[in-house]
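# A closer look at the structure
If you want the building blocks of each chain, they are given just below.
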Amino acid sequence: MKRNLALAAAMVVAGSASAVAETPVERGAYLMKSIVACGNCHTVQTPKGPLADRDLAGGMEIPDEGMVARVPNITSDKETGIGKWTEAQLILAIREGKRPDGSIIGPPMPIGQYRKMADDDVKAIVAYLQQTKPVAGKVAASEYKFPLPPAYGPPVGKVEAPSRSDKVAYGRYLVTALGHCIECHSPMGAQGPDTEGRPFQGGAVFKGPWGASVAPALNASHLGSWSDDEIKRAITTGVSKDGRHLTPPMGFGYYKNMAAADLDSIVAYLRTLK
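What counts, and at which threshold
Residues numbered from 1 in each chain as written. Predicted model: local features only at pLDDT ≥ 70, side-chain atom pairs only at ≥ 80, totals over all residues. Heavy atoms only, no water. Helix = DSSP H or I, 4+ residues; strand = E, 2+ residues; numbered from the N terminus. Rg over C-alpha atoms; globule rule 2.2 N^0.38 Å. Buried < 20%, exposed > 50% of the residue type's maximum accessible area, 1.4 Å probe, protein only. Contact = heavy atoms within 4.5 Å. Areas by Shrake-Rupley, 256 points an atom, 1.4 Å probe, with all protein chains shown as cover. Lys, Arg positive; Asp, Glu negative; His and termini not counted. Charge placed at Lys NZ, Arg CZ, Asp CG, Glu CD. Polar contact = N/O pair within 3.5 Å; in protein donor to acceptor, adjacent residues only side chain to side chain. UniProt positions renumbered as here; feature names shortened; annotations may be inferred.

For the rest of this paragraph, the subject is the overall build of the protein. In terms of regular secondary structure, the protein is built from twelve helices and nine strands. In terms of overall dimensions, the protein is globule-like: its C-alpha atoms have a radius of gyration of 20 Å, near the 19 Å expected for 274 residues. The 274 residues of the protein split such that 41% are buried. A fraction of 58% describes how many contacts in the protein between residues 6 or more apart in sequence connect residues 24 or more apart. Summed over its atoms, the accessible surface of the protein is roughly 15,100 Å², and 58% of this surface lies on carbon and sulfur atoms. Measuring between centres, the 31 positive side-chain charges of the protein sit 2 Å from its 27 negative side-chain charges.

Turning our eyes to something else, we now look at the environment of Q45. One can find Q45 in strand β1 (residues 45-46). Sequence separation between Q45 and K274 is 229 residues, and the spatial gap between their C-alpha atoms is 35 Å. At 3.1 Å, the side chain of Q45 and the backbone oxygen of G39 are in polar contact. Among the polar contacts made by the side chain of Q45, one reaches the main-chain carbonyl oxygen of T43 at a distance of 3.0 Å.

In this section: the UniProt feature "domain: Cytochrome c" (unreviewed entry) in the protein. In the numbering used here, UniProt assigns the "domain: Cytochrome c" (unreviewed entry) feature to residues 23-133 and 166-274. For residues 23-133, the end-to-end C-alpha separation is 19 Å, with 35% helix and 11% strand making up the annotated structure. Taken end to end, residues 166-274 is 41% helix and 11% strand, and its first and last C-alpha atoms sit 19 Å apart.

Below you can see the structure in the form of structure tokens.
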């Protein structure tokens, strides 16, 4: 009897270890198909959802005041995508907004948040991108009527993710560095989303085929009366506390794939916002 119990305990431990010991590509796939949701912009969206055969092939136009951003192809295609880019070049593009030719990537790419992305996670995303199916599709350059910065900051050094056991800290990491929720849910300022002065206070307007979506606040002024399950339902299904169906560009189709522990951490962090 004791031997059987010991064997069962060992199997549980082994199963837990295998669940955590994911490969970089597996971690990258999870991030891309859930909280990071690059396909929400880098795949053409239709009223029926993203074009499955054009996954990550770019082509979406995002017009805004002073710019027309054309979302690039980030599949492994060597001629029109990122197939010739090295790991270091891709990491530089994601975290510092600089292409291999030295040109700067403009908004709405949330470089300010991606600079906080942990080394292991950005490497996992790159590992996933490098093994994607190549899809040919040349995308014209974006147009900006304002100057882009020469850089988004000093070179990014070593970055480590907070411990997942600290739910509040890890939740903050999820909604800033990985999910950049703070970018959409903060009001627009003179230099873009005011993530420093008025973080998570809502008010930004997003126009598209759905009309105009106004991002709500994510602090206690809006979510204070919501239960944890109601917040999770809104994130993963797009159904509000009152039963309304929320509209894009919120990436419900990706967020539904988030692990329960990550959703718990997000809620734990949102509960700290005054």
